[in-house]
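Examining the three-dimensional arrangement
Residues per chain are reported as follows:
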Amino acid sequence: MAARGSPHFFIVGVCRSGTTLARAIVTGHPELDVPGETGFLPRLIGLQNVWWGPGGLRASIFVRLAFANGRLGRASLRPEQLRHALHAVPPTSPADAISRIYEVLCSKDPATTRVGDKTPGYVEHMELLAETFPHARFVHMVRHPLNVVASLRRQSWGPRDPVAAAYLWLRGYRAARTAPVPAERVLTVRLEDLIAAPEATVSRVADHLGVEPHPAMLQFNERAERIRRENIDPAGHTGLSRSLSTSRDWRQELSPKQAQMVWSLVGELADELGYEGPDGGIFYAPRVSERAAAYRLARFQLMRSWRRTHILLRFART
């Protein structure tokens, strides 16, 4: 069973930045394990006063909240397993209670000494997670924003509007960049560096997580199908089994005008990561304001929520 104090690390980053690949690589180390995406931690921590009181843990409420989004059930974890772990050794703190979730998820392999979490959206909650788990480290995956935008537009759940997709990248990267987390706890990894120099980059990741590099970490193809099936969007990760050298280029999917509009929004932050923009930074397309981009993303998210509600209502009537 995993040591107390888990999760020991978080793999975060804007969606389509290589977090699933990072999980496939990290799980190749015999001492490390990363279960499927959780997604419930910020809400669970935010409701701490509901499930933790003067008398300690309110186990029934805690378990219901942990299973509410369906992710633990997808990982084949049953509520009674978590209840048993909580009852066997009563947690001494809210963080200890949350750590039992990860211990149960990764209890099958006795070699595991460090348990992590790969949930891209946690990139916007790094401060909260760092405060809750003072010893946890972060692997922050980043990717050229134009490639992120192109990839997001291909997903059934992603925005087709390149400006809305660009704002997702901007919001996520800025959240990680400004989070008040000590620098030694955060390792930023460019997907492009992982592709160009896999051994050196994986060695950096292993060192950051406190383990020696292991050859199996780069044999991620052997785990690709399992990792893909466990992902909440298996269809979006069919390329996981391909070589690291295989990577699409945004020029094949974005028009010059679209690329210019995206870069007018994200270029300043992308420059500090060493990414080059289209056409040498010379602008001939309309510049996009951050306010307009935020509005376009909010409009997309509202429409997506409406469609989901409409589908649920139609299902309920039948």
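Residues numbered from 1 in each chain as written. Predicted model: local features only at pLDDT ≥ 70, side-chain atom pairs only at ≥ 80, totals over all residues. Heavy atoms only, no water.

Topic: the nonpolar core
Stated precisely, the cut-off is as follows: For this analysis, a nonpolar core means a set of buried residues of the types Ala, Val, Leu, Ile, Met, Phe, Trp, Tyr and Cys, connected via side-chain atoms within 4.5 Å. For every residue, the accessible area obtained with a 1.4 Å probe (protein chains only) is divided by the maximum for its type, and the residue is called buried under 20%, exposed over 50%, and partly exposed between those limits. For the purposes of this entry, the term helix denotes a DSSP run of H or I that reaches at least four residues, the term strand denotes a run of E that reaches at least two, and both are numbered from the N terminus. In what follows, residue pairs with any heavy atoms lying within 4.5 Å of each other are defined as contacts.
In terms of nonpolar packing, the biggest core is built from 37 residues, with F10, L41, F62, I98 and I101 touching the most fellow members. A total of 6 residues in this core trace back to one element, the largest contributor, which is helix α7 (residues 94-105). Not counting residues up to four positions away in its chain, the partners in contact with F10 are L41, Y102, D117, Y122, L129, F133, A136, R137, F138 and V139. Ranked by size, the runner-up nonpolar core spans 32 residues in total, among them A165, Y167, W263 and Y275.

Some thoughts on the packing of aromatic side chains
Our working rule: Any Phe, Tyr or Trp ring, taking Trp's six-membered ring, that has another such ring centre within 6.5 Å forms a pair; planes under 30 degrees apart are called stacked, those over 60 apart edge-to-face, and the others tilted.
For the structure shown, the criterion picks out 6 aromatic pairs. Seen in terms of ring centroids, F10 and Y122 are 6.2 Å apart; in terms of plane orientation they differ by 75°. Their pairing is edge-to-face. Here Y122 lies in the loop between β5 (114-118) and α8 (126-132) and F10 lies in strand β1 (residues 9-12), a separation of 112 residues in the sequence. For Y122, a relative accessible area of 3% translates into the label buried. Ring centres of W169 and Y173 lie 5.2 Å apart, and the angle between their planes is 20°; this geometry places the pair in the stacked category. In this pair, W169 and Y173 both sit in helix α10 (residues 162-178), 4 residues apart, roughly one turn of the helix.

A short note on the pairing of strand β6 (residues 137-142)
In the case of a regular strand, side chains alternate between the two sheet surfaces. Here is the rule: Strand pairing is assigned whenever DSSP detects at least two bridges linking the two strands.
The buried fraction of β6 is high, at 5 of 6 residues. Two strands pair when backbone bridges link them, and β1 and β6 are joined in this way by 4 bridges, in the parallel orientation. By the bridge assignment for β6, I11 is matched with V139. When β6 meets strand β7 (residues 186-190), the two strands line up parallel, connected through 5 bridges. Paired with F138 across the bridge in β7 is V186.

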